[in-house]
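Per-entry structural report
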Amino acid sequence: MKKKTTVSPFPSAENLRMQRAAEGNTPARAALNALFDDSTFVELGAYTKRSYHDGALVGKDAEFEGVITGYGAVNGQLVFAFAQDETRMKGAIDARHADKIEALYDLALKKGAPVVGMFASAGADIFEGVSAMAAYGRILKTVTEASDEILQIAYVRGLCIGTAAAIASAFDFVVAKADAPFYVTSAELGGHSAEAGAWCFKGDQDASLGYIRSLLDFIPDTTVDHETSDDLNRLLPELPLSADIRASLTAIVDDGALIEVYADYGTPIVTAFASVGGIKCGVVAGNYTEDHGRITRDAAYKTAEFLDICDSFGLPVVTLVNSDGLAADIPMDAVRSLAFAYAQLGVPGVTVILDHAIGAAFTLLGSKSLGSELVYALPTSEIGAMTAGASVAFAWNQDITETVTREKLEESWRAEESSPVAAASLGEADDLIDPSEIRTRIASALLMLTC
């Protein structure tokens, strides 16, 4: 009897290797190689094939799954990543797409390592129908369950629309390539591109990946010692407090190095990562050049989100207050979010009042009453329920004469009623410090609070 032969439905290992090599250095692989340290990226599930519906098999059955997953080193640190590959059926999402991402997260969570997700997909595989939509749900569940457990950074390097945009937005940080479409509903259907608050940085690919490498170098490693040659006891020159706050920040922090997040969103407040005296920290700073630092809706939400991230990764918070209070149109939910974020911080807080801490700004931005351990104020700072101008108009307007001008009364109000001495006398400020001491006092406080 003649022996029956069977033909394997799978290609040989050599053919698989040749097929993958033939893909070349696709844009997705180029982005991964640029993110990771040279020759450290190791691919996982490299030969996973797409799970096409029968009606779409013609000419498609040999195509690899549309997402590349793996791990490697970034600045010498273990990092996991996935990259949707638009050259494989436009990166369309199906069940095995979700399988690969879930498997990647399982490993990342076991190791406590960050995940970088690179988005570039035309959407769901329409031939899979409900299965593809369920794959979106599985990925979203995986991302949200990893929140507060590991650092997650989304890089929108290509098309990222609909549910994919919602998934990317669930990451701790979103970095977007300047020309990448990023929205939930298209403009043709009445929608609009994601607003500036959806991403913390936007630029070309080199700048975006460089920014991601900086974040990865800073956040996951929250050890006390951060390598710096900057003198902990360095006194500061005269700070330009009336100028953009970034000029003062670069003088205060170690080596003048800042990693600002959400720079184009909620601009009356600057949020950034830095180190002071070798201690990594988050910095919240009022920018008085933007409408006198008044806290807007966007500024409040941005700061609350930033504080939550600092709390999640054990970074102490330094707050530099320079604000005339709340913007007139700020909604109460934004105020509540900001207050709640400061009140719930489980990390040390150090606050310095620079020029102005007016009304709710004094309370909301790192006050002792909301939990900051140490609060300092400059001797020339103005602390009060209203600005000197508004206070004089409200309380002393009738005292204005030809010899007693409004300007003199405002000067008197600042000296007598809005002096930081009152806050210090009540214990709401621990000390009145010279501007040249700001760096040394912050450094000393952080060392004490984190040791």
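Residues numbered from 1 in each chain as written. Predicted model: local features only at pLDDT ≥ 70, side-chain atom pairs only at ≥ 80, totals over all residues. Heavy atoms only, no water.

What follows covers the nonpolar core. Core analysis: the biggest nonpolar cluster contains 64 residues, and Phe 173 and Phe 273 have the highest contact counts within it. Membership of the second largest hydrophobic core comes to 31 residues, among which are Tyr 105, Ala 135, Cys 160 and Ile 167. (Core = buried A, V, L, I, M, F, W, Y, C linked by side-chain atoms within 4.5 Å. Buried < 20%, exposed > 50% of the residue type's maximum accessible area, 1.4 Å probe, protein only.)

The full count for this structure, using the stated rule, is 10 aromatic pairs. Aromatic side chains Phe 36 and Phe 41 sit 5.2 Å apart centroid to centroid with 40° between the ring planes, which places their arrangement in the tilted category. Judged by relative accessible area, which is 19%, Phe 41 ranks as buried. Note on Phe 201 and Tyr 211: the rings are 4.4 Å apart at their centroids and 10° apart in plane angle, and the pair reads as stacked. Highlighted residues: Phe 201 in strand 9 (residues 201-203) and Tyr 211 in helix 6 (residues 205-218), separated in sequence by 10 residues. Its relative accessible area of 24% is what places Phe 201 among the partly exposed residues. Through pairs of rings, three or more aromatic residues link up here, namely Phe 173, Phe 218, Phe 273 and Phe 306. In this arrangement the basic side chain of Lys 280 is found over the ring face of Phe 218, its NZ or CZ atom lying 5.4 Å from the centre. (Phe/Tyr/Trp six-rings, centres within 6.5 Å; stacked < 30°, edge-to-face > 60°. Helix = DSSP H or I, 4+ residues; strand = E, 2+ residues; numbered from the N terminus. Lys NZ or Arg CZ within 6 Å of the ring centre and 35° of its normal.)

Those residues of helix 7 (residues 245-252) that fall on the buried side of the exposure criterion are Ile 245, Ser 248, Leu 249, Ala 251 and Ile 252. Projection of helix 7 onto a plane perpendicular to its axis shows the buried side chains occupying an angular sector of 160°, all on one side. Looking at the buried positions of helix 7, the neighbouring elements they touch are strand 11 (269-276), strand 12 (279-286), strand 13 (317-323), strand 14 (349-358) and helix 14 (438-450). (Arc of directions from axis to C-beta. Contact = heavy atoms within 4.5 Å.)

Overall, the predicted model of the protein chain reaches an average pLDDT of 86, with 81% of residues at or above 70. Counted against residues more than four places away or in other chains, residues 189-193, with its pLDDT under 50, gives six contacts. (pLDDT = per-residue confidence, 0-100.)

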